[in-house]
Protein chains: 2
Amino acid sequence: MRDRSGVTISEVAAAAGVSRQTVSNVLNAPDRVAPATAERVRRAIDELGYLPNRAARNLRERTSRCIGFKIAPPSGLNNLLDRFLHALAESAGGVGYHLLLFSASTVDEELAAYAELIGTGTVDGFVLADIDTADERLDWCAERGIPCVSFGRPTVPGPCSWVDVDGGDGLAQSVDHLVARGHHRIAYLGWPEGPRVGDERRAGWRAAMRRHGLATEGLSGASAEDPAEVAAVARRLVRQPDPPTAFACGSDTFAVAARQAVGADSAGRPRVEVVGYDDSPSAALMTPPLSSVRQPLDQVAYHVVDLLVRQFRAPGGPPEGVMLRPELVARERPGQNPR
Amino acid sequence: MRDRSGVTISEVAAAAGVSRQTVSNVLNAPDRVAPATAERVRRAIDELGYLPNRAARNLRERTSRCIGFKIAPPSGLNNLLDRFLHALAESAGGVGYHLLLFSASTVDEELAAYAELIGTGTVDGFVLADIDTADERLDWCAERGIPCVSFGRPTVPGPCSWVDVDGGDGLAQSVDHLVARGHHRIAYLGWPEGPRVGDERRAGWRAAMRRHGLATEGLSGASAEDPAEVAAVARRLVRQPDPPTAFACGSDTFAVAARQAVGADSAGRPRVEVVGYDDSPSAALMTPPLSSVRQPLDQVAYHVVDLLVRQFRAPGGPPEGVMLRPELVARERPGQNPR
DNA sequence: TTGTAGGCGTTATCAT
DNA sequence: ATGATAACGCCTACAA
C-alpha cells in the first residue's frame, strides 16, 4: 500500500516469512509452491502493493517487452495513424508488451534510431509502416537479424514478415457496390501508376469491371492526391461522351475532391456517386455521407504483434505474410441513386 | 561492430586495457579520465559497437527515461492526435526520453495502468490529454506524487502542471480576421455552454465582438459536433432577419458542416465565410480552402516535456501552467469576400 | 517444497 | 587518474 513503489521482492519475502525465491515462484511458477504458502505470500504482496521492478526483470531476462514504432512528421491526411496506433497499443498490451514511440525525420536518422534502440536493449523489435516499393529499412533490419514486421509489403517480396490489406479486393467491393446500385460507367480515380499502394487498387478496379463485363476505356483517372489536380481529372472524365456516373477512388481525398469538383444537382445531391477508400473520420461526416472501404486495422495490429512476438520467441524463422480483406462501409440511402 | 548487441562494458574495458569503471567514466564523467585513456577507450567503444544496456542503467539509476501516454480509442475526428504524438515523441527524444504508449478504455483501466506503469518503474511520469472540467486523473496522480503534466487544464485550477492553448485568443483572431474582411454579423458555432473547451472559445468570440462594437444577440449557435445538428443550427441562424454573413467556429467540424449546410452561390462560392478551429488536414484540402485557428502543438509538446522533466529532477514542486497562443491560418484569397 | 548463491550490466563510493 | 567493491531487483540453477 505504500506510495511510489520501492517495495522489493525481499520486503515481501520478509513480510511473508519466506525467501525471495518463494515469492518469485508464487508469481512465475505458482505450481511449485504450497497453496498455504502461496496464499500467505499473495497477501503480503497485496498489503505491501508490491510490483516487480521492470528494469531488474528486463536486465535479468535480456528483454524489454517494448515494441518500437517510428512516428513520422504528420503530412497530408494521415488518416489511419490514430486508429493504427491505438490498435497497436491495444494488441501489444494484450500480450504484455508496450509500444515505444520515437521520431525520425530521415531514413538515416530512422536507421540510427533502430540501431540504438536495439543495441541498448530498449526495444525488442519494430513495427514498420508506410512501406515503399523496395524499402531499404526491411533489408537493413533483416541483415542484422532485428525482429520487425511491416504493415504493408514491398512490391518485390522482401526478407521480413508483413501484414497487408488487399486493396484490389477493396476496389472490387467498391465496383460491386456501384454496379449493384445500377452504375455501368464507373471510373477509377487514384495515384498514377507507379510506386505505391495505388497500383493494386487500380488493378482491382480494372479486374472487377472486366468481371462485370464493363468497359474501362477512358475511365482510368490518375493524379496526385491534391484537390485541384483531382478536380481537373474528374471534370475531364465527366465531360467526355458517355461519361462515368460513378467514381471508385483510391483514397477518401480523391473521393472528396471528385465529389466537390463534379458538383451537385439543384436538389443538392451529388451528380456522381463516389466511393472512397480508408474510411477517414470525415467520410461519415460529409453530407451526404461517403461510402468508403475500411481497412481492418484492429486485425492488422493483432497480426503484426503476433508475428513480431513469434519472432521474439523463435528468431530466425522464415518471413511470413498475412493478407487481410478490407470491408466497404456503405452509407448511401437506398433510394439515392444519382443516375 | 558485432550484431545484436551483447557487447558489455566489461568487454570494452578488456579491449581498452582499463577497468569497467573507467569506461563508465569516459561516458558519464569524461573530465575524470586522462585524455589519452579516454581516446583509447572511445576507440574500443567504436570498434566493438558498444552501447550501454538500458535495463542495467535503469535498474541502477531507478529511472526509466520513458514518458507514458494513454492513447484513447479513436472517436470522431481526433484531429490533433497525430500531430501531438509526433511533437511529443520529438520533444521527449530531444531530452533523452522515449514515449511509451498504452491503451485503456475506461478511466478505471487508465488509472490501473498508471499505477502499474509507475509501480513497476516502466515510466517516470505521464502526459495527459483530453482533460475534463474536473479531471479525477489529475488529483489521482497528485495524491500519489506521480509526475504528470496535462495538455489542457481543468476549469478549476488543479494540483498538476499544465500547458494549454488560449481558445479565447484563437476566436478573437477569427473575429478580427472576419471583421477585417468586412463582416459585421459574425455568428459563433460551437459546443453548448457547459463542460469543455468550448466555453473559452465562445467567450473569446463574444469579447472580440464587443471590442469591435458588434452585436452578438441571436448569433450564438450551439450544437453537438455532429454535421446534421450543426447544419440545422446554421440554417436557422442564416434564416433570421439581418442574418450572419460569417461563422467563427469552435472546430473544423462545425465549420465544414456549416459551410455545407448554408451552401454555395451559382458560382460555387460559399454563401457565408467560415473560419474553423484546429486546422485539421482537411481544412487546407477543401475547396475553397478553410481558414482555421492552429494550435502550436510543437510548442505545447515542448513545454509539456519540459515541465515533466523538471518534475523528475525536482519532485514536489508547485504546479505550473503555460498558456500558449494559437495562430489563425488565413486561406481566403484576397478578393473572395462573399458579402 | 523451500532456501542459498550467483549473476544480468551498470554506476557510486571509496580507496589507491 | 584509475581500480576494486558493492548494490540496484530480479530470476535460474542448484542444494537442502
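Structure first, text after, so check above.
Cut-offs and rules
Numbers given for residues are sequential positions, taken from 1 along each chain in its written order. Ligands are numbered from 1 and chains lettered from A, in the order in which they are written. Only residues with pLDDT of at least 70 are given local features in this predicted model, and only at 80 or more are side-chain atom pairs given and counted; all residues enter the totals for whole chains, interfaces and linings. The side-chain quantities take in all heavy atoms of the structure and omit both hydrogens and water. The pairing criterion is simple: DSSP has to find at least two bridges between the two strands. Starting at the N terminus, helices and strands are each numbered in turn, a helix being any DSSP run of H or I of at least four residues and a strand any DSSP run of E of at least two. Note on geometry: axes are lines fitted to C-alpha atoms, helical ones only across the stretch in contact, with angles between N-to-C directions running from 0 to 180 degrees. For this analysis, residues touch if any pair of their heavy atoms sits within 4.5 Å. For this description, a residue counts as near a given molecule or strand if any of its non-hydrogen atoms is within 4 Å of it. In the analysis that follows, any N or O atom pair within 3.5 Å is treated as a polar contact, provided that within protein one partner can donate a hydrogen and the other can accept it, and provided that, for residues neighboring in sequence, both atoms belong to side chains. Residues are grouped as follows: Ala, Val, Leu, Ile, Met, Phe, Trp, Tyr, Cys and Pro are nonpolar; Asp, Glu, Lys and Arg are charged; every other residue, Gly included, is polar. Each of two parts loses accessible area, computed with a 1.4 Å probe, when they are put together; buried area is these two losses added. Every case where a carboxyl oxygen of Asp or Glu lies within 4 Å of a side-chain nitrogen of Lys or Arg is listed as a salt bridge. What counts as a ring pair is set by centres within 6.5 Å for rings of Phe, Tyr and Trp (its six-membered ring), and what kind of pair is set by the plane angle: stacked under 30 degrees, edge-to-face over 60, tilted for all other angles. Throughout this description, buried means an accessible area under 20% of the type-specific maximum (1.4 Å probe, protein chains only), exposed means over 50%, and partly exposed covers the range between. For a lysine, the NZ atom is tested; for an arginine, the CZ atom; a charge sits over a ring if that atom is within 6 Å of the ring centre and within 35 degrees of the ring normal. Cavity means a closed set of points on a 1 Å grid over the protein atoms alone, one where a 1.4 Å probe fits but cannot get out, pocket means an open set with protein on both sides within 12 Å along at least 5 of 7 lines, and lining means a residue has an atom within 4 Å of a point. Grid points are joined across faces, edges and corners, and a volume is the space filled by probe spheres set on the points.

A. Seen up close, the sheet that holds strand β9 (residues 273-277) of chain B. All names here are of chain B. With mixed pairing, six strands are arranged side by side in an open sheet as β7-β6-β8-β9-β10-β12. On the outer flanks of this sheet lie β7 (220-222) and β12 (327-329), each paired with one strand and no other. Neighbour to neighbour, the strand axes of the sheet diverge by 20° on average, direction disregarded. Seen against the sheet, helix α10 (residues 227-239) touches β6 (186-190), β7 and β8 (246-249) and runs at an angle of roughly 165° to β6.

B. Quick peek at the protein's contact with DNA strand D. Not every one of the 27 residues close to DNA strand D is listed here, only the nearest: I9, Q21 and R60 of chain A together with T37 and R62 of chain B. Across the atoms of DNA strand D situated within 4 Å of the protein, the share located in sugar and phosphate is 63%. A distance of 2.5 Å separates a base oxygen of DNA strand D from a polar atom in the side chain of R60 of chain A. R60 of chain B places a polar side-chain atom, nitrogen or oxygen, 3.1 Å from a base nitrogen of DNA strand D. At the level of elements, α2 (20-28) and α4 (54-61) of chain A together with α2 (20-28) and α4 (54-61) of chain B are the ones that each hand at least two residues to the surface near DNA strand D. Considering each element in turn, the surface near DNA strand D owes the most residues, five residues, to α4 of chain A. For the surface near DNA strand D, the class distribution of residues is ten nonpolar, nine polar and eight charged.

C. Just the interface of chain B and chain A, in detail. Contacts between the two partners involve 52 residues from chain B and, on the opposite side, 52 residues from chain A. Counting the surface lost from both chain B and chain A, the interface buries some 4300 Å², and carbon and sulfur atoms represent 64% of this. Counting across the interface, chain B meets chain A through zero salt bridges. Here chain B and chain A share eight residue pairs in polar contact (both at pLDDT 80 or more) between them. Mapped onto the side of chain B that touches chain A, the elements with two or more residues apiece are α4, β1 (66-71), α5 (81-94), β2 (98-103), α6 (107-119), α11 (252-262) and α12 (281-285) of chain B. If you tally residues by element for the side of chain B that touches chain A, the top one is α5 of chain B, at seven residues. Counted by class, the side of chain B that touches chain A contains 27 nonpolar, 16 polar and nine charged residues.

D. Representation of the packing of aromatic side chains within the structure. Applying the stated criterion across every chain, the model contains 18 aromatic pairs over all chains. An angle of 35° between the planes, with centres 4.2 Å apart, marks the rings of Y114 of chain A and F126 of chain A as tilted. One end of the pair, Y114 of chain A, is in helix α6 (residues 107-119); the other, F126 of chain A, is in strand β3 (residues 125-128), and twelve residues separate them in sequence. Taken individually, Y114 of chain A and F126 of chain A each receive the classification buried, so the pair is uniform in this respect. These aromatic residues form a ring-pair network of at least three members: F102, Y114, F126 and W140 of chain A. When the ring centre of Y277 of chain A is taken as reference, the NZ or CZ atom of R201 of chain A above it lies at 3.7 Å. Here the basic side chain of R153 of chain B rests over the ring of W162 of chain B, its NZ or CZ set 5.5 Å away from the ring centre.

E. Spatial organisation of the pattern of salt bridges. Under the criterion given, the structure shown has 32 salt bridges over all chains. We note a salt bridge from R153 of chain B to E200 of chain B, for which the minimum N-O separation is 2.8 Å. Taken together, the residues R153 of chain B in the loop between β4 (148-151) and β5 (161-165) and E200 of chain B in helix α9 (residues 198-211) connect sequence positions 47 residues apart. By relative accessible area, E200 of chain B is classed as partly exposed at 24%. A salt bridge links E273 of chain B to R181 of chain B; the nearest nitrogen and oxygen atoms lie 2.3 Å apart. Residue E273 of chain B is found in strand β9, and its partner R181 of chain B is found in the loop between α8 (167-180) and β6; the two are separated by 92 residues along the sequence. For the pair shown, E273 of chain B and R181 of chain B are each scored as buried. It is possible to trace a salt-bridge network through shared partners that takes in K70, E110, D135 and R137 of chain A.

F. A look at empty space enclosed by the protein. Evaluation of the coordinates by the stated rule reveals four cavities of 30 Å³ or more. Empty space within the largest cavity amounts to approximately 360 Å³. Taken together, 22 residues make up the lining of the largest cavity; nearest its centre are V256, S282 and M286 of chain A together with V256 and S282 of chain B. Elements with a contribution of two residues or more to the lining of the largest cavity: α11 (252-262) and α12 (281-285) of chain A together with α11 and α12 of chain B. By residue class, the composition of the lining of the largest cavity is twelve nonpolar, eight polar and two charged. One number sums up the size of the second largest cavity: a volume of about 210 Å³. The wall of the second largest cavity is formed by 20 residues, among which N58, S64, C66 and T122 of chain A together with N58 of chain B lie closest to the centre. Of all the secondary-structure elements, those providing two or more residues to the lining of the second largest cavity are α4 and β2 (98-103) of chain A together with α4 of chain B. Grouping the constituent residues of the lining of the second largest cavity by class yields six nonpolar, eleven polar and three charged.

Geometric descriptors of this kind do not, in isolation, establish any biological role.
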